[in-house]
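What follows is each chain in one-letter form.
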Amino acid sequence: MADSPAPLTEGDPAPQVSLPRDGGDIVTLAEISGPVVLYFYPRDDTSGCTTQALAFTAQRDAFAQAGATILGVSKDTVAKHEKFAAKHDLAIALLSDAEGDTCERYGVWVEKKMYGKTFMGIERSTFLIKDGTIRRIWRKVKVPGHVDEVLAAVRAL
C-alpha cells in the first residue's frame, strides 16, 4: 500500500479539482476566478449536511459580494445532489466525487467512529482557496457558526 500524502496545510498549492456538478456541468477549480470555498461533507440529506448546505445557501449573496464561489463536495452521485438541491432549494454548486479521488487528495477521506463502529467516511472540512493556494483550512467542522467564520475569512483576504 502506498504511503498517504502529507496532510495539506495552509500555503500549499490546492490540488486540482474537475468534477461533475448538479445540473450536469463540469466544474474545474482552475477556471474559477476569485476565492473558492471548497467544503467537503459526508452525505446528502443528512441533518448536519442539510443544515450546512442551507447555511451556505443563506449566505450565498454575501459570499458573492466578497467575490467567492462556494462548492460543496461529497461522494454522492450527481442525481442524488440534484434531488438534495431541489428538496431544500439549495443555491450552491454540489460536486460529485463518486470515485473519491478528490477526497483522498484533500485528505478528508478518513477513518471515523460512530456507535462503536469504525468505518471510512468524509471528514467535514472546508478549504479556502485563492489564486490556486490554500489560504485557510477547517477540519472536523462543527456546523453551527461555521459559515459565518468562513465568510469572515473570505472578507479578510
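Above this text you will find the structure in question.
As the structure is a prediction and not an experimental result, all values here were calculated from the model. (Residues numbered from 1 in each chain as written. Predicted model: local features only at pLDDT ≥ 70, side-chain atom pairs only at ≥ 80, totals over all residues. Heavy atoms only, no water.)

**Thoughts on the overall build of the protein chain**
Where we set the bar: By the criteria applied, helices consist of DSSP H or I runs no shorter than four residues and strands consist of E runs no shorter than two, each listed in order from the N terminus. Each radius of gyration reported is based on C-alpha atoms, and the globular scaling rule is 2.2 Å times the count of residues to the power 0.38. Throughout this description, buried means an accessible area under 20% of the type-specific maximum (1.4 Å probe, protein chains only), exposed means over 50%, and partly exposed covers the range between. Contacts between residues were defined by any pair of non-hydrogen atoms, one from each residue, lying within 4.5 Å. Surface accessibility follows the Shrake-Rupley procedure with a 1.4 Å probe radius. Residue values consider only the protein chains on display as shielding.
Regarding its fold elements, the protein chain presents 5 helices and 9 strands. Mapped in sequence order, the helices and strands of the protein chain form the string β-β-β-α-α-β-α-β-α-β-β-β-β-α. Its C-alpha atoms give the protein chain a radius of gyration of 15 Å, within 12% of the compact-globule value 15 Å for 157 residues. A principal-axis box enclosing the C-alpha atoms of the protein chain has dimensions of 45 × 35 × 30 Å. Here the protein chain, with 157 residues, has 43% of them falling under the buried criterion. In the protein chain, 63% of the contacts between residues at least 6 apart in sequence involve partners at least 24 apart. When the accessible surface of the protein chain is split by element, carbon and sulfur atoms take 51% of a total near 8400 Å².

**A closer look at the nonpolar core**
Where we set the bar: Buried Ala, Val, Leu, Ile, Met, Phe, Trp, Tyr and Cys residues form a nonpolar core when they are joined through side-chain atoms within 4.5 Å.
Residues Val37, Tyr39, Phe56, Phe63 and Leu94 are the most contacted members of the largest nonpolar core, which totals 23 residues. Listing elements by their share of this core, those giving two or more residues are β3 (36-40), α1 (47-58), α2 (60-65), α3 (78-88) and α5 (146-156). Looking at this core element by element, the count peaks at 5 residues for α5. Among the nonpolar cores identified, the runner-up in size contains 21 residues, and Leu29, Cys103, Ile122 and Phe127 belong to it.

**Examining the pattern of salt bridges**
Rules: The salt bridge criterion pairs a side-chain nitrogen of Lys or Arg with a carboxyl oxygen of Asp or Glu, the two atoms within 4 Å.
Across all of its chains, the model carries 7 salt bridges by this definition. We note a salt bridge from Asp45 to Lys87, for which the minimum N-O separation is 2.9 Å. Of this pair, Asp45 sits in the loop between β3 and α1 while Lys87 sits in helix α3; the two residues are 42 residues apart in sequence, bridging distant segments of the chain. Of the charged contacts in the structure, one is a salt bridge between Asp131 and Arg135, with a shortest N-O distance of 3.6 Å. Connected through shared salt-bridge partners, Glu10, Arg136 and Glu149 make up one network.

**Looking at the side chain of Ser125**
For clarity, the threshold we go by: Whenever two N or O atoms come within 3.5 Å, that pair is a polar contact, provided that in protein one can donate a hydrogen and the other can accept it, and provided that, for residues adjacent in sequence, both atoms are side-chain atoms.
Inspection of the secondary structure puts Ser125 in strand β8 (residues 125-130). Using a relative accessible area of 0% as the deciding quantity, one classes Ser125 as buried. Only 2.9 Å separates the side chain of Ser125 from the backbone oxygen of Glu123, close enough to count as a polar contact. If we skip the residues at most four places from it in the chain, Ser125 touches Leu38, Tyr39, Phe40, Val108, Trp138, Arg139, Lys140 and Val141.

**Describing the side chain of Glu123**
Here is the rule we go by: A positive count includes Lys and Arg, and a negative count includes Asp and Glu. His and the chain ends are not counted in either.
Within the secondary structure, Glu123 is located in the loop between β7 (117-122) and β8. Of the buried charged residues, Glu123 lacks a salt bridge, with Arg139 as the closest side chain of opposite charge at 4.0 Å. Sequence-distant contacts of Glu123, that is, excluding residues within four places in its chain, are made with Phe40, Val108, Val110, Arg139 and Lys140.

**Quick notes on unusual backbone geometry**
Not every positive phi belongs to a glycine, and Asp45 is a case in point at roughly 65°. Classification of Asp45 as partly exposed rests on a relative accessible area of 36%. Residues other than glycine seldom take positive phi values, yet Asp89 does so here, at roughly 55°. In this fold, Asp89 is placed in the loop between α3 and β5 (93-96).

**A short note on the packing of aromatic side chains**
Note the threshold: Pairing of aromatic rings covers Phe, Tyr and Trp, the last through its six-membered ring, and needs centres within 6.5 Å; plane angles under 30 degrees mean stacked, over 60 mean edge-to-face, and all others mean tilted.
Overall, the coordinates contain 7 aromatic pairs when judged by the stated rule. Here Phe40 and Tyr106 contribute two aromatic rings whose centre-to-centre distance is 5.3 Å and whose plane-to-plane angle is 40°, an arrangement assigned as tilted. Linking Phe40 in strand β3 with Tyr106 in the loop between α4 (101-105) and β6 (109-114), this pair joins segments that are 66 residues apart in sequence. The class for Tyr106 is buried, based on a relative accessible area of 0%. Taking the centre distance of 4.9 Å and the plane angle of 75° together, the rings of Tyr106 and Phe127 count as edge-to-face. Taken together, the residues span a long stretch of sequence, with Tyr106 in the loop between α4 and β6 and Phe127 in strand β8 at a distance of 21 residues.

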